[in-house]
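Spelled out from the first residue to the last, the chains are:
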Amino acid sequence: MKKLNFYAGPSILSEFTIKNTADAVMDFNGTGLSILEISHRSKEFQAVMDEAQALTKELLDIPEGYEVLFLGGGASLQFCMVPFNLLNKKAAYLDTGVWASKAIKEAKLFGEVDVVASSKDANYTFVPKDYTIPADADYFHITTNNTIYGTELRQDPDSPIPLVADMSSDIFSRKIDVSKYNIIYAGAQKNLAPSGVTIVIVKTEALGNVERAIPTMLNYRTHIDKGSMFNTPPCLPIYSALQTLKWYKAQGGVDAMEKLDKLKAAKLYDAIDSSKIFVGTAKPEDRSIMNVCFVMKPEYAELEKQFIEFATANNIVGIKGHRSVGGFRASIYNAMPLESVETLINVMKEFENKI
């Protein structure tokens, strides 16, 4: 029996994506070759890249003047590529969690970084709201969803300067006003594909304004000019990403994904809030609809291990919280069926009734 996969990443993918990718591993588009061995210069794979870029633009309603790249290195590489390409003198960052703090650390290598606000002192249980974005900074960087702490920024901020966003764990879960951003980047292993590729949406006129020399591989212009094929791209994850993009379109696009994601999250948070033994960790107004984080109430804390074992016995995997915070985390990305969330809720209630 297939497990109910609540892992935070690598995470659940649609059955459509898994089946089509598995088929392509055996025979890619009738070529008699596996997607694992096909030349990225072949017309067959070029068609994959072209369609993936076009579908991304369609699903996210990306305006003219932007390019879609599929790059290696994960979102962590973007922590340095962004300032390498955009930071001239100063950048502004919002510190909302571990990944935001890692991005801040890298940016400090390239210039002044103004951390406009941080919720670190409160263990990142909320997204700061009362802060001033410096008008003289080159860009303002946000991390829209914080997987470890279960908080999310679900609206595009009003900013006097261009935005940059790490949307690794909530891209394609809501409409985005892409025109507000210079760069949006997202590691694939949450809402798109297996790990190994990162999607990057770049406003072309934002490039070429820094004074430093940029190494060839770290220059966005290199990858724009070569259509994401300056070097051999991660073909398998890109093919999987295309399957997910096709699946999104067939489901009704981003609007349909957002509607379902909100429903799943509402049901799960309601179960947590009405429980006598579980309690949510994020402030209600900032709760993520992608990563639902919760713990045992103090008087039941000793039952944490028992609940993990009970969930595992009921075919549920991946709900253990991040090692830095403990507790539980149910990651309910776009590919997570409503029925799986309802099963988790029933298992939570069944365990509670045994207490």
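For the structure itself, consult the block above.
Residues numbered from 1 in each chain as written. Predicted model: local features only at pLDDT ≥ 70, side-chain atom pairs only at ≥ 80, totals over all residues. Heavy atoms only, no water.

**Observations concerning the pattern of salt bridges**
In total, this model carries 18 salt bridges according to the counting rule given. Across the salt bridge formed by Lys89 and Glu211, the nearest N and O atoms sit 4.0 Å from each other. Here Lys89, found in the loop between helix H3 (74–86) and strand E3 (90–95), pairs with Glu211, found in the loop between strand E10 (198–203) and helix H5 (220–225); they are 122 residues apart in sequence, far enough to count as distant. Grouping residues by exposure puts Lys89 and Glu211 together as exposed. (Salt bridge = Lys/Arg side-chain N within 4 Å of Asp/Glu carboxyl O. Helix = DSSP H or I, 4+ residues; strand = E, 2+ residues; numbered from the N terminus. Buried < 20%, exposed > 50% of the residue type's maximum accessible area, 1.4 Å probe, protein only.)

**What to know about the side chain of Asp166**
Looking at the secondary structure, you find Asp166 in strand E8 (residues 163–166). It turns out Asp166 is buried and unbridged, and the closest side chain with the opposite charge, Lys190, is 8.9 Å from it. Within polar-contact distance, the side chain of Asp166 engages the side chain of Ser168 at 2.7 Å. Setting aside chain neighbours within four positions, we find Asp166 in contact with Ala75, Phe79, His141, Ile142, Thr143, Thr144 and Tyr185. (Lys, Arg positive; Asp, Glu negative; His and termini not counted. Polar contact = N/O pair within 3.5 Å; in protein donor to acceptor, adjacent residues only side chain to side chain. Contact = heavy atoms within 4.5 Å.)

**Topic: the sheet that holds strand E11 (residues 278–280)**
With antiparallel pairing, the three strands of this open sheet are ordered in space as E11-E12-E14. Edge positions in the sheet fall to E11 and strand E14 (328–331), since each has one partner strand and no second. Here the strands of the sheet are splayed against their neighbours by 35° on average, with no regard to which way each runs. Sheet analysis places strand E12 (residues 291–296) next to E14, joined by four bridges and oriented antiparallel. Bridge pairing in E14 places Cys293 opposite Arg329. Those strands touched by helix H8 (residues 304–313) are E11, E12 and E14, and its axis lies near 30° from that of E14. (Pairing = 2+ DSSP bridges. Axes fitted to C-alpha atoms, helices over the stretch in contact; angles between N-to-C directions.)

**Examining the sheet that holds strand E2 (residues 66–71)**
Strands pair in a sheet through their backbones, by hydrogen bonds, and they do so in one of two ways: parallel or antiparallel. With respect to topology, seven strands assemble into an open sheet ordered E2-E10-E9-E8-E5-E3-E4, the strand pairing being mixed. The sheet is open, and its two edges are formed by E2 and strand E4 (112–118), each paired on a single side. Neighbour-to-neighbour, the strand axes of the sheet open up by a mean angle of 15°, direction not taken into account. Pairing of E8 with strand E9 (residues 181–187), which is carried by four bridges, proceeds in the parallel orientation. From the neighbouring strand, Val164 faces E9, where its bridge partner is Ile183. Here H3 sits on the sheet and contacts E2, E3, E8, E9 and E10; the angle it forms with E9, its principal contact strand, is near 160°.

**Topic: the packing of aromatic side chains**
Per the counting criterion, the structure on display carries 15 aromatic pairs. Centre to centre, the rings of Phe28 and Tyr239 are 5.6 Å apart; their planes meet at 90°, and the pair counts as edge-to-face. Of the two residues, Phe28 is situated in the loop between helix H1 (15–26) and helix H2 (43–59) and Tyr239 in helix H6 (residues 235–251); the sequence distance between them amounts to 211 residues. There is no split in this pair, since Phe28 and Tyr239 are both buried. Arranged with centres 6.3 Å apart and planes meeting at 70°, the rings of Phe79 and Tyr185 form a pair that is edge-to-face. With Phe79 in helix H3 and Tyr185 in strand E9, the pair connects residues that are 106 residues apart, well separated along the chain. The exposure classification of Phe79 matches that of Tyr185, with both residues buried. By the ring-pair criterion, three or more aromatic residues cluster together here, those being Phe278, Phe294, Phe307, Phe310, Phe328 and Phe351. (Phe/Tyr/Trp six-rings, centres within 6.5 Å; stacked < 30°, edge-to-face > 60°.)

**Some points on unusual backbone geometry**
In this chain, Gly9 is followed by Pro10 through a cis amide linkage whose omega measures 0°. Within the secondary structure, Pro10 is located in the loop between strand E1 (4–5) and H1. Not every positive phi belongs to a glycine, and Asn29 is a case in point at roughly 50°. Overall, the relative accessible area of 52% leaves Asn29 in the exposed class. The phi angle at Tyr124 is positive, at roughly 55°, despite the residue not being glycine.

**Regarding the pairing of E12**
Counting buried residues along E12, five of its six residues qualify, which places the element largely inside the surrounding structure. For E11 and E12, the ladder comprises three bridges, and the chain directions are antiparallel. Residue Gly280 lies in a different strand from E12, and its bridge partner there is Phe294.

**Some thoughts on the side chain of Thr198**
Note that Thr198 resides in strand E10. Within the structure, Thr198 has its side chain in polar contact with the backbone nitrogen of Gly74 (distance 3.3 Å). Sequence-distant contacts of Thr198, defined by excluding residues within four places in its chain, comprise Leu69, Phe70, Leu71, Gly72, Gly73, Gly74, Ala75, Gln78, Ala186 and Gly187.

Such coordinate-based values are descriptive only and should not be taken to indicate function.
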